[in-house]
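Structural features, examined
Each chain, letter by letter, is given below.
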Amino acid sequence: SSDLNDAHVLDGKNATRNYGTATSATIRSGASGSNGWYYLQLDTGGTSTVSKAVLRIRMSGARNTTTPLVVKSVGTAWSESLLTWNNKPAAGTQIGTVSVVGSTAAFYEIDITSYVNAQRAAGQPVNIVVQASQATSAAISARAFSTAS
């Protein structure tokens, strides 16, 4: 079993489909049938307090466009192999933001140190969701989550 789980969910005709093994994802916001969220879960058990925890994702957006994304906490556990739009846990408190600029893929980093340490101190896994904060989309072409002490 891995310490990292991730999956994306889509609404509309794909609302019952699981994407837990996908190697790319689309984060988007819009009308019904045009939404996609990206979930990450990291087990922090056995780690000490970290001085820096960064969510680092390779993403691209639309050409000549800035795509604002928001990272939020998720209070409910979920399974990478079972997660769908219809059974996704609700998004909670905002813990970070990032703006994806243009259509060239690049790494974007969001500092989530406070949230990781709070979850670790409570003995809980780090559960987050990345969402588009307006009617735009961004593609995740590679996935990475890192914590460094």
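Throughout what follows, the structure given in this document is the object of discussion.

What counts and how
- Within each chain, residue numbers correspond to sequence positions counted from 1 in written order.
- Per-residue local features are limited, in this predicted model, to residues with pLDDT of at least 70; the limit for side-chain atom pairs, both in listing and counting, is 80 or more; totals at the level of whole chains, interfaces and linings are taken over all residues.
- As a rule here, side-chain values come from all non-hydrogen atoms in the structure, and water together with hydrogens is ignored.
- Each residue is placed in one exposure class: buried if its accessible area under a 1.4 Å probe, protein chains only, is under 20% of its type's maximum, exposed if it is over 50%, and partly exposed if it falls in between.
- Only DSSP runs of H or I covering at least 4 residues are called helices, and only runs of E covering at least 2 are called strands; the numbering of each starts at the N terminus.
- The criterion used for residue contact is that any of the two residues' heavy atoms lie within 4.5 Å.
- Stacked, tilted and edge-to-face pairs are distinguished by plane angle, under 30 degrees for stacked and over 60 for edge-to-face with tilted covering the rest, among Phe, Tyr and Trp rings (Trp via its six-membered ring) whose centres lie within 6.5 Å.
- Here, over-ring charges are defined by two tests on the NZ atom of lysine or the CZ atom of arginine: distance to the ring centre within 6 Å, and angle to the ring normal within 35 degrees.
- A pair is scored as a salt bridge if a Lys or Arg side-chain nitrogen falls within 4 Å of a carboxyl oxygen belonging to Asp or Glu.

A separate point is helix α1 (residues 113-121). Among the residues making up α1, those that are buried are Thr113, Tyr115, Val116, Asn117 and Gln119. Where the residues of α1 are buried, they touch β4 (52-60), β5 (66-74), β6 (91-101), β7 (106-111) and β8 (126-132).

Per the stated rule, a full pass over the model turns up three aromatic pairs. Ring plane angle 40° and centroid distance 6.4 Å describe the contact between Trp37 and Tyr39, whose orientation is recorded as tilted. Tyr39 carries the same exposure label as Trp37, and that label is buried. Between Tyr39 and Trp78, the ring centres sit 5.7 Å apart and the planes meet at 65°, which makes this aromatic pair edge-to-face. Of this pair, Tyr39 sits in strand β3 (residues 36-42) while Trp78 sits in the loop between β5 and β6; the two residues are 39 residues apart in sequence, bridging distant segments of the chain. This pair shows no difference in class: Tyr39 is buried, exactly as Trp78 is. The structure contains a cluster of three or more aromatic residues connected by ring pairs, namely Trp37, Tyr39, Trp78 and Trp85. One Lys or Arg, Lys88, reaches over the ring of Trp37 and ends 4.9 Å from the middle of that ring. In this structure, Lys88 is placed above the aromatic ring of Trp85, and the distance from its NZ or CZ to the ring centre is 4.0 Å.

On to the pattern of salt bridges. Any two side chains of opposite charge can pair, so long as their charged atoms come close to each other. Under the counting rule described, the total for this entry stands at two salt bridges. Arg56 is the partner of Glu109 in a salt bridge, and the nearest nitrogen-oxygen pair spans 3.1 Å. In this pair, Glu109 sits in strand β7 while Arg56 sits in strand β4, placing the two residues 53 residues apart along the sequence. Looking at Arg56, the relative accessible area reads 33%, which means it is partly exposed.

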